[in-house]
Amino acid sequence: MMNYVEHFPALATMVLFLGAFLVTIFGGKNKTLRIFLAMAAATASFVMVLCVAKYVIIDGNIITYWLGNWTPVKDYAIGIGLEVDSLNAFFALLVTLTTYLSGWYSIKYMSRDEGGDYYYTLYLMLSGSVLGLVLTGDIFNMFVMIEIMTFACVALTAFRNWSKGALEAGFKYLVIGSLGSTCTLTGIALLYAQCHTLNMAQLSAMIAKVGITGNSTMILAFALLITGFGIKSYAVPFHFVAADAYMAAPASVSMLFSGMVNKAGVYGLIRVCYIILQTMGLGKVQTLLVAVGTVSMFVGVTMALNQHDFKRLLAFHSISQIGYVLTAIGLGTALGVAGGLYHAMNHTLFKGLLFLCAGAVYYATGRTNLNNMGGLAKKMPQTCIIFLIAAFSISGLPPFNGFVSKWMIYQAIYAKSAQSFGYLFVTVVALITSTLTLASFIKVTQSAFFGQSRPEFDDVKEVPGSMLLPMWVMAILCVFTGVAPKFVTEKLITPAVNAVMSVNKYIDTMMGAGYTEKITGSAATEISAEQITIGNWTPVMWLVLFGIVLVAFTVVAVFGKSSRGYTNNSKEQPDNKHATFFGGEMATRSTVVGSDLFWGFRHNFKGYFEKLEGIHSGVVNDYAVWAIGALAVFVMYLNAVL
Amino acid sequence: MFNPMWLFYILVFPGALFCFVAGTLLNGLDRKVYAKMQQRIGPPILQPFYDFMKLMGKETIIPYEANKTVFLGAPVVGFVALVTIMLLLPQFGFTAFGELNADMIVIIYLLTIPAASIIIGGAASGSPYAGVGISREMVSVISFELPLVMVLLAIGKKAGGDGVTFSMKAIADYQAANGAMICQWSMIPAALAMLLVVPCEVGCHPFDVAEAETEICEGPLVEYSGAPLGVFKLNYYVKQLVVSALFAALFLGGKGTGIVAADAAIFYGECLLVTFFSMTLIRATCARLKVEQVFKFYWTVVAGLALVSLVLAWFGL
Amino acid sequence: MMIQNYVCSIILLALGMYMLMVKKNLIQIVCGLGLLDYGVNLFIVSVGYNEGGTAPLYVGSELEYLAKNGAVYFVDPVPQALTLTSIVIGACVTAMALSIVIRIGQTYGTLEADQIRRLRG
């Protein structure tokens, strides 16, 4: 008798697709009905995944589920199987959480757009496909899900086809995305040609038997798969389309993109590198992933410094943060994986939140250009506070969550640098990237929320509660994962890291006990991850900090009373005493626009920035050249070193 | 779980009260020496204290354009971060929160917070002068961050022996066993780099691009008055203390005497020395740089010095 | 011998990539995507081929008939299923791409990739 929870992975995916069809059929006319259907599907799937997560991560089970009950015959998998270990469950949790919150946000945010039924259909398709991707145990099934995902992403990117560049972004995304899918499919075909199976667990065992070094077909397949999933995770040099797509899509969709679509790419990379091909023990593969990650980190953040569109800036930060994740995962150590997964989760939270803030600003003012904003903090105080929380989180200021995961990542990289000087360089780049991230968020803060207010923003109001609610939820999660890192690591991250590190257990659970031994000759011992020493902290420290901050704020509240003549909401002109200082001149509207900040920094890197702008030329052919060139480099490099 | 000593540490020594007293004293001494160098009599040593008390009594004007919560909250957050660093720095054998065993990454990030608080506070005031100021402040943070990180990595490599370490405790232990870090010849370039990082971190004269009174009227602080300005000034004093204490902890550690009071006396004496060499001396002899010059200087000369040490440490020297 | 199949599929893939990289007209880029797709499909079908294999469908009596005629192997049916899936997906992608191209043509008034670059930098 199976536990009823074991049906949930399949059901959670299906209910989203079912919702998509129902919305298409019944949701055309009736707005309330389609929102109800979409939210019902999202909620059901979220609840089911929560149950699965409890069953898998907390209770330590692994779910294997053969669709149609096509269990393996004579050690050959013939049906499509779902296998949910802690890693899958971890990512599934991220996916459904993002979906659920984005759904709440969309209700108001998308209410002004035409074609809401198409939106909800695509939204559910996207969520379902990503969920299917992270839950499946069959590599071709994974490919199909990737294709549905790309498809839904393209359609959602081009959804606001009247806005600047949406169509163009959709087309570019389609071209590069299809290229990525082709790479993945070719890689899968090569693996199939070698092993005659599509089941990941069986593939893993077969490949462990054959070995990858020196087998050029395998190496080609590996390079193709890395490229394919690299394109899905938008690492440099595949990132060009991501910036366009994030910018052009509605904010609730940008949140989905950065919250789960590029996580799907990261998940794919982890699955391929750690489980299926088991190549992460090889130093050269580590070097490759770390190099890609480091370049992504730096290029992403420097491009972000150069942007003046709110969402495009956030998009480049996404690339930069994924760089952190890839670097951490590429280290191949338990601490690295832990840091990478923690950062992936944090990235889902804070970047989703930032996109929601950008969406809120757009909803309230109709603008995304930072040079045309200012003084929104007084009109939208809650959004401003939420934005500051998210910005500090992504910049890694303690006690927010970005700090914890970055800390783990630095330690993992630095520990590696005992082996090779290159990792010292990576550590330096990672730390500098963090400062530059802070810089570019200072720029957003200054030009959107602070600074002088604009007369045309007089009637701007705070966004409605149904948009603020998901934002607050994510903000609270950001703080929570920052102040209780030990709890999160124990409950969520360590099981996932264990799952990544114990390949043989994964294989044996799927294919039946003793299978690994039969194929590879080595028994399935549960390789538990080496003790993940998450640096030298204790949560007490954050409690202490929190206490001091609390005391200090009380002190400020007392000081605050001494201020007089403050007119927050009155419309009349302030008296001279409370006007802004202009050195005796009459107060005029003059503000430092975002593009002009940090010229001291940009002046010294003029050549670098010009070159970078040239590379992001906007021509789709150039982007294809970069992607194919990277593929060629990966193939040659891996062939040369393995 | 709860240790009553913590309250003493946080509030008295080496926490809030001590930071306040020692910071103002240090700044007073600094100003006195500075004046002597310029053949002036200079203010009394307690002048920063008087300044602070006076500002506390003044009216706080919050500009119409400003966001009240952030405007008032920013200086306090900065002060808290500074005090927290003080609690985590090892002073010879003694560390207030030694059991937390915090490491260099925490210190780096906590050191960013005071700068971030100035920036956010300045931005919240809504003044264009502050806008220019915060952009400069941020650029100077980026400037010193690179050499600072490299110095810390070099020390971590040195103290880690075969491996590497981020732990402040390991660095303190290394110095207790092998003598002060500055006595290692391979660390001398790093020490020089750190000496140059200190004034930029604090934001004192040749590198005070952000507050440049003569150009942008104190930049981020232009709209501040009364108590919040007082707290920001206090932050400046405490930052002098904390950053020189960081230098002392990193480079001038050692076995100590074993008596906490004597150790503390020696430690803060070292802080005074560091302040004199890295701040007073440079301040009295150099003219203010432009912001892009600051950036260039730190990413070439100072980072180069740090890199030398990093490479030397890498080769086990 | 399946060597010509593999060569052909590689040529198709290479041509597809070439078109993506060099051709400036959006329709031609979509053609390039199509070529990539065909290349992969051909490749997958070829992977499933067994020298001397027969059709992979049999029930009792057919099996006897085949055995009588000396057939021992049959070709791998899985890649054929994969190819079918892949063809369907490819058709969808092409349709989607073309519909976007139509809208781009209407909005931008051109199909030259060099001029469709409002998002850059």
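Because the structure is predicted, anything quoted here is derived from the model rather than measured. (Residues numbered from 1 in each chain as written. Chains lettered and ligands numbered in written order. Predicted model: local features only at pLDDT ≥ 70, side-chain atom pairs only at ≥ 80, totals over all residues.)

1. A look at the overall build of chain B
The cut-off we apply is this: Segments assigned H or I by DSSP are reported as helices when at least four residues long, segments assigned E as strands when at least two residues long, and all are numbered from the N terminus. With the radius of gyration taken over C-alpha atoms, the globule rule is written as 2.2 Å times the number of residues to the power 0.38. Three classes are used. A residue is buried when 20 or more other C-beta atoms lie within 10 Å of its own, exposed when 12 or fewer do, and partly exposed in between, with C-beta atoms placed from the backbone. Two residues qualify as a contact pair if the distance between their C-beta atoms, derived from the backbone, is within 7 Å.
Looking only at helices and strands, chain B features 12 helices and zero strands. Sequence-ordered secondary structure for chain B, helices as α and strands as β, is α-α-α-α-α-α-α-α-α-α-α-α. Here the C-alpha radius of gyration of chain B, 19 Å, is about what a compact globule of 317 residues would show, namely 20 Å. Taken along the three principal axes of its C-alpha coordinates, chain B extends 60 × 45 × 40 Å. Buried residues in chain B amount to 64% of all 317 residues. Partitioning the intrachain contacts of chain B with sequence separation of at least 6 by distance along the chain shows that 81% fall at a separation of at least 24.

2. Description of the overall build of chain A
Broken down by element type, chain A carries 25 helices and two strands. Counting only residues that meet the buried cut, chain A has 64% of its 642 residues in that class. In chain A, once contacts between residues fewer than 6 apart in sequence are set aside, the share between residues at least 24 apart is 80%.

3. Describing the nonpolar core
The test is simple: By definition, a nonpolar core groups buried Ala, Val, Leu, Ile, Met, Phe, Trp, Tyr and Cys residues that connect through C-beta atoms lying within 7 Å of each other.
Counting residues in hydrophobic clusters, the biggest one holds 402 residues, and the most contacted among them are A:Val52, A:Met149, A:Leu353, A:Cys357, A:Ala390, B:Val151 and B:Met194. The residues touching B:Met194, leaving out its near neighbours within four places in the chain, are B:Val151, B:Phe247, B:Leu250 and B:Phe251.

4. A look at the pairing of strand β2 (residues 81–84) of chain A
All names here are of chain A. Rules: Two strands form a pair only when DSSP identifies at least two bridges running between them.
The two faces of β2 match: Gly-81 and Glu-83 on one face and Leu-82 and Val-84 on the other face are all buried. As defined by bridge partners, strand β1 (residues 63–66) adjoins β2 across four bridges and the pair is classed as antiparallel. The residue bridging Thr-64 from the neighbouring strand is Glu-83, located in β2.

5. Quick look at the packing of helix α3 (residues 86–109) of chain A against helix α18 (residues 465–483) of chain A
All names here are of chain A. Applicable threshold: In this analysis an axis means a line fitted to C-alpha atoms, helices contributing only their contacting stretch, and an angle means the value between N-to-C directions, from 0 to 180 degrees. By definition in this entry, angles of less than 35 degrees are roughly parallel, angles greater than 145 are roughly antiparallel, angles of 65 to 115 are roughly perpendicular, and the rest are oblique. By the definition used in this description, the sense in which the near helix is turned from the far one sets the handedness, with an anticlockwise turn below a right angle giving left-handed and a clockwise turn giving right-handed. By the convention adopted, Pro, Cys, Tyr, Trp, Phe, Met, Ile, Leu, Val and Ala count as nonpolar, Lys, Arg, Asp and Glu as charged, and the other residues, Gly among them, as polar.
In the contact formed by α3 and α18, the axes pass within 7 Å of each other and the chain directions differ by 155°. Relative to α18, the element α3 is oriented roughly antiparallel. Judged by the twist between their axes, the crossing of α3 over α18 is left-handed. Within the contact between the two elements, α3 uses Leu-101, Trp-104, Tyr-105, Ile-107, Lys-108 and Tyr-109 and α18 uses Ser-466, Met-467, Leu-469, Pro-470, Val-473 and Met-474. Looking at the contact of α3 with α18 residue by residue, the class counts come to 10 nonpolar, one polar and one charged.

6. Thoughts on the interface of chain A and chain C
Opposite the 37 residues of chain A that make contact, chain C presents 36 residues. Per-element accounting of the side of chain A that touches chain C gives the leading share, 15 residues, to helix α6 (residues 166–195) of chain A. Here the side of chain A that touches chain C is built from residues that sort into 21 nonpolar, 11 polar and five charged.

7. Here's the deal with the environment of A:His7
All names here are of chain A. Within the element layout of this structure, His-7 appears in the segment before α1 (8–26). The partly exposed category is assigned to His-7, around which 16 C-beta atoms lie within 10 Å. Separated by 452 residues in sequence, His-7 and Asp-459 have C-alpha atoms that sit 51 Å apart.

8. What about helix α19 (residues 485–501) of chain A?
All names here are of chain A. Stated precisely, the cut-off is as follows: Expected span, for any helix, means 1.5 Å times one less than how many residues it has. Bend is computed residue by residue as the angle between axes fitted to the seven residues ending at the residue and the seven residues starting at it.
Over its 17 residues, α19 runs only 21 Å from end to end, short of the ideal 24 Å by more than 12%, given 1.5 Å per residue. Taken as a whole, α19 carries its principal kink of about 40° at Ile-493; the proline Pro-495 stands between one and four residues after it. Within α19, 13 of the 17 residues are buried, leaving the element largely enclosed by the surrounding structure.

9. Focus: unusual backbone geometry
Most peptide bonds adopt trans geometry, and most residues besides glycine take a negative phi value. Between A:Val236 and A:Pro237 the backbone carries a cis peptide bond, its omega angle lying at 5°. Looking at the secondary structure, you find A:Pro237 in the loop between α8 (216–233) and α9 (240–248). One non-glycine residue with positive phi stands out, namely B:Gln39, at about 60°. When you line up the elements, B:Gln39 lands in the loop between α2 (16–37) and α3 (47–57).

10. Notes on the confidence of the model for chain B
Put simply, the rule is: As a per-residue quantity, pLDDT reports the predictor's confidence and falls between 0 and 100.
Residue-level pLDDT values for chain B average 79, and 92% of them are 70 or greater. This prediction of the complex comes with two scores: 0.89 for pTM and 0.93 for ipTM.

11. Overview of the environment of B:Thr24
Residue and element names in this part refer to chain B. Here Thr-24 shows up in helix α2. In this structure Thr-24 comes out as buried when scored by C-beta crowding, with 25 C-beta atoms within 10 Å. A sequence separation of 216 residues divides Thr-24 from Gln-240, and the C-alpha atoms of the two residues are 9.5 Å apart. Leave out the neighbours within four places in its chain, and Thr-24 touches Pro-48, Phe-49, Phe-52 and Tyr-237.

12. Let's talk about helix α4 (residues 77–108) of chain C
Taking 1.5 Å of rise per residue, the 32 residues of α4(C) would be expected to cover 46 Å, and the 46 Å separating its terminal C-alpha atoms lies within 8% of that figure. Of all the residues in α4(C), the buried ones are C:Pro79, C:Leu82, C:Thr83, C:Ser86, C:Ile89, C:Gly90, C:Val93, C:Met96, C:Ala97, C:Ile100, C:Val101 and C:Ile104. Its buried side turned inward, α4(C) meets α5 (139–157) and α6 of chain A together with α2 (26–47) of chain C.

13. Focus on the packing of α6(A) against helix α7 (residues 200–210) of chain A
Residues and elements named next belong to chain A. With their axes 10 Å apart at the nearest point, α6 and α7 run at an angle of 70° to one another. Relative to α7, the element α6 is oriented roughly perpendicular. As α6 runs across α7, the sense of the crossing is left-handed. Residue-level inspection shows Leu-191, Gln-194 and Cys-195 of α6 in contact with α7, the latter providing Leu-203, Met-206, Ile-207 and Val-210. Across the contact of α6 with α7, the residue classes tally to six nonpolar, one polar and no charged.

14. What to know about the environment of B:Asp51
Residues and elements named next belong to chain B. With respect to the secondary-structure elements, Asp-51 resides in helix α3. By C-beta crowding, Asp-51 is classed as partly exposed, having 19 other C-beta atoms within 10 Å. Spatially, the C-alpha atom of Asp-51 lies 34 Å from that of Val-149, the residues being 98 residues apart in sequence.

15. With respect to the confidence of the model for chain A
Taken as a whole, chain A shows an average pLDDT of 82; of its residues, 87% reach a score of 70 or greater. Counting interchain partners and residues more than four positions distant, the pLDDT-below-50 stretch residues 564–571 of chain A has nine contacts.

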